[in-house]
Each structure stands twice: as C-alpha cells, then as structure tokens.
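# Structural description and commentary
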Amino acid sequence: MPSLFKPLFAAVLLLAAAPSFVHAEQFDTAYSDDGRYIESAGSANRIALAMLETPTGEVVQVSSISGGCGGSPVCPRLTYLTANGVYVVSYGVALSSSNGLESATGAAIDSRGRIIVVGTSTPSVGGRNFRVLRFLPNGDLDTSFAGDGNTDVDFFGVDDYATAVAVDAYDNVIVVGQAGLSATDMDFGVARLRATDGTPDPGFSGDGKATMFFDLGATQKFDAPKAVAIAASGGRISIAGIAFDSAINRYRVALARFNGDGTPDTSFCAATCTVQGSYTNIHTGRRVYYFGSNTAHSDTAAGIAVAGNGDFFIVGETYANDGSGKRAAIARFAANGDYATEALNDGLGSNAAYRSVQLSDAIAQRVLVGGDSGPESNYLLLQAFSLGLTPLAGYGDCMNTTGFCFIGGTGLGDNGPDQAAALTLDRNGRPLFAGSFIASSGDFGKSLFARFTNASGPRPDLIFRNGFQ
C-alpha cells in the first residue's frame, strides 16, 4: 500500500510538467474562504449532484435531499453563490407523491442558466420512467418545459432508470439511462427533449428516443449507461456504461455512439476495434472494453469526455478477479473507437474509483478526473493527467504528488464512505468538484462542493467545457 499522507492542503511547487507550469494547483481560497462549501439537511441525507457555473458567472450547487421534502422520496435543491462562493439564495422543491422522484442522478445547465435535473420517477402504473425537471434561474420550475416544468420519458412500458444528462449546442436536453424491455432485459436508452418546450424531439429517431443493446448474457441482459457527452461537431452523442456478461458473471465497459439524428454512428467501431478480446462481434456504433488484461474481473465506466478531434476518454474502476479490491481506471480512444492507452491507479489502499472526467482544452493537454479512494474511510480525489495519461507530477500533494485527496472538513479522516459525483470546469478552467461524505458514524450524508485553482493550466480563452469551446 502506498505510504499515507503528507499535509494535504498546502501549496506545493510543481515538480515535473510542461515548462509553462510553474505553480501547483490547490484549493481556490477565493471561493468560500478555503475553497470548500458544505451543505447538510439536518435529519436527512443530502447527496451532491453537480457544481455548475451560470452564464453570469455565479455558481449553483445542485444536490438532492432524501425524505422531509413533501410526498416524494427525493427532492432537488439549488444553492446559488457568487463567483467567490458567498451564499446568495437556496431553492428547494417539495414534490408530491404524484410527481415524485425515487432518485436524482444528474444535473446540467443550459446557455440561459436553466438547471436541468434528472432521475427516476416513483413507481406508477406502467412502472418507473425517466424524470426530467427544468428550473428557471430564479429556482421556479420552468412552465415552458412540458407545461409544468417536468416530464417523464417511457420507452417500452417497463421500468426505466435515468442516469445522466447533458445539454447540446441548441440547449436540447439529452438524457440517458436504462430502458427496460422486461425485468431481465435492459438496454441503453437515450432521449432528446426540445429546448423550446420539453417535448420529445421528432428529429431524433422519429420520436425523440433511441436504444442500443449489447446483450452479453444469454438470459440476464443488463446494459446500463452511466455517462453521456455531446461532441462539438455534429452533435454526436457518446455514451459510456456497463454490460453484464453472464458467461463470466462479470460486468464489462460498454460504449455507444449515436448520430445527431438518433441513428447509430456506424463509423464508431465500423468493423472491429483494437483490444476487444472475445467481443469482436460488438461493433458498428458500439463496443465492449475491459481495463487491464482479459480475465474474469468486473469493470465499470462512470464518466466520458470528448476532445475537439473526436478522441474520447472514459473513467471508472476495475476490480480484482475475486472482487477484493479495485483500482481507478482511465482510458483514451481514437475517434473511430480504437483503443489508444489506459492508466490504472491503486489509490490509497487499493480502493480507488474515478467518477467523472473533463478536458481542460480541445486538445486535452490536461485531463482532469474526479473520484474517491480508501483505504477504510474514503477520501475524495482530484487528479490530472497528460494527453498520454501520465499523471501530472506536482498537481497535488497526494499519491506521489499527482493528485489531491481531501474530505469535507479539515483534518485527514472521517467515517465515510465519501463519494464523488461530478466534475465540471468554469470559464477560467477551474475544476468545480461535487461529492458527498459522512462526517461521523451514524450521521446523515452531507454535500461537499469545492473549487480548485488553474494557475498552471490553459488560458481561459482555450477552456473546453461540456464538449464546446
């Protein structure tokens, strides 16, 4: 196990990087005094979804609260702060049992500052559906969106589970998740809702919905998308997730790409892809991938980002064959789906995972990942890589000075588990990190939002956010 920690929160000289890199990055103390902002919900769990920059330069911290919010199991919460992390106002929505959320799984912001929150509806006749809510900048539900600010997407009349959301260049809302055909057959599902009124976009697969299957198992066909990214050129939709292989009783990484009209992108793994093992029959718009060697281990994919040339990066975790430990994993692929390189990280005590990835600029000279690590009580994690997936030395003061390991408060321990949610970048290239943690045994979960500096990264005019520059 790697040696444990040096003091984590001091500035560190950058040891080895490009010549223009002269300072180590650190918590941005211009934001909320020490770079971190913690939200709690008293006698309820608060789970962080995303930390987003508004078009006017403010920050909105999006979280969900479990219980104590009306008749819904989960309710969203929006907290607005100034660019320097000074509290402005917080909005909560007490949903009723008739339009309730069973879970909230993702959030995004469009060019007008409207916040989109997605999750899964509470069960009703016909099962669960994708639930999509859009809020105005003042925190009100946007009644121009589906008439009352929220809408459901149903695929085949069976349970559907939304997992991630993105906004395209036209402010259309793209939601991905599991589309249920039956209790034992779940496919990748993607829906595009029009920015103008929240209705399904007929320009996308005719009815605003499309699916992709992998079906690696003969009887248990569980395919689950976990992340989505929109390419700047052509609006292609890239999705990363997992597929269950019943032959080895393990999960593999599953990747899919759709054209802007909802058809499978046949240029993606057109005939086959490199490093595909026994999955060479999975191609023409999709591919299966495993981290490391082709053994009977499970992998997950939790985040995806697309560069300006179409190359893309995925992050997740890879488990030991017996499931006893896991390593954080990141891989880069060419635009056509071919494997380029990967990097695996034990983290702190062989218990690390990457949850989200962002590219600092269109050519990905700095690849940023957010995640969490062990060994026992978890720590939140921010790390930076080069285009070739070499960790950037001196970026932080943890894991041999290539990352930050941190918790919600000061000190070096809490009771965990701590889990990263989403990583975004602001207009100055500063990482905006959202995660959740438990401060002490038996306590309710709290949300942590943190901003880091970008003193040594690309200039603001080169910042590459959400696939658009």
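Below you will find a few notes about this structure. Note on numbering: residues in each chain are counted from 1, in written sequence order. Given that the model is predicted, a residue must reach a pLDDT of at least 70 before its local features are reported, and side-chain atom pairs must reach 80 or more before they are shown or counted; all residues, however, enter totals for whole chains, interfaces and linings. The basis for every side-chain value is the complete set of non-hydrogen atoms in the structure, without hydrogens or water.

This part covers the sheet that holds strand E23 (residues 367-373). Each pair of strands is called paired provided DSSP finds at least two bridges between the two strands. Helix and strand assignments follow DSSP, with helices taken as H or I runs no shorter than four residues and strands as E runs no shorter than two, numbered in order from the N terminus. Ordered in space as E22-E23-E24-E25, the 4 strands form an open sheet in which the pairing is antiparallel. The sheet terminates laterally at strand E22 (353-359) and strand E25 (403-406), the two strands that pair on one side only. Geometrically, the sheet is characterised by an average inter-axis angle of 15 degrees between neighbouring strands, direction not taken into account. Bridge count for E23 against strand E24 (residues 379-385) is 7 bridges, and the pairing is antiparallel. Each bridged residue has a counterpart across the sheet, and for Gly371 the counterpart in E24 is Leu381. Axis definition: a line fit to C-alpha positions, over the contact stretch in the case of helices; interaxial angles, taken between N-to-C directions, run 0 to 180 degrees.

Looking now at unusual backbone geometry. Backbone geometry places Ala146, a non-glycine residue, at a positive phi of 60 degrees. Note that Ala146 resides in the loop between strand E8 (130-135) and strand E9 (150-153). Positive phi, normally seen in glycine, also occurs at Thr401, with a value near 60 degrees.

The topology assignment puts Ser121 in strand E7 (residues 115-121). With a 1.4 Å probe rolled over the protein chains alone, any residue whose accessible area is under 20% of its type maximum counts as buried; one over 50% counts as exposed, and the rest are partly exposed. Exposure remark for Ser121: the relative accessible area of 1% places this residue in the buried category. Along the sequence, Ser121 and Asp148 sit 27 residues apart, while their C-alpha atoms lie 15 Å from each other. In protein, a polar contact means a hydrogen-donor-capable atom and an acceptor-capable atom, both N or O and within 3.5 Å, with residues adjacent in sequence counting only if both atoms are side-chain atoms; elsewhere, any N or O pair within 3.5 Å suffices. Polar side-chain contacts of Ser121 include one of 3.0 Å to the backbone nitrogen of Asn129.

With that settled, consider the sheet that holds strand E21 (residues 339-345). As summarised here, the arrangement of the 4 strands in space is E18-E19-E20-E21, forming an open sheet in which the pairing is antiparallel. Each edge of the sheet is formed by a strand with only one pairing partner; in this case those strands are strand E18 (299-306) and E21. In this sheet, neighbouring strand axes are inclined to one another by 20 degrees on average, regardless of whether the strands run parallel or antiparallel. Taken together, the 7 bridges between E18 and strand E19 (residues 312-319) define a ladder with antiparallel strand orientation. Residue pairing for E19: Ala301 is matched across the bridge by Gly316.

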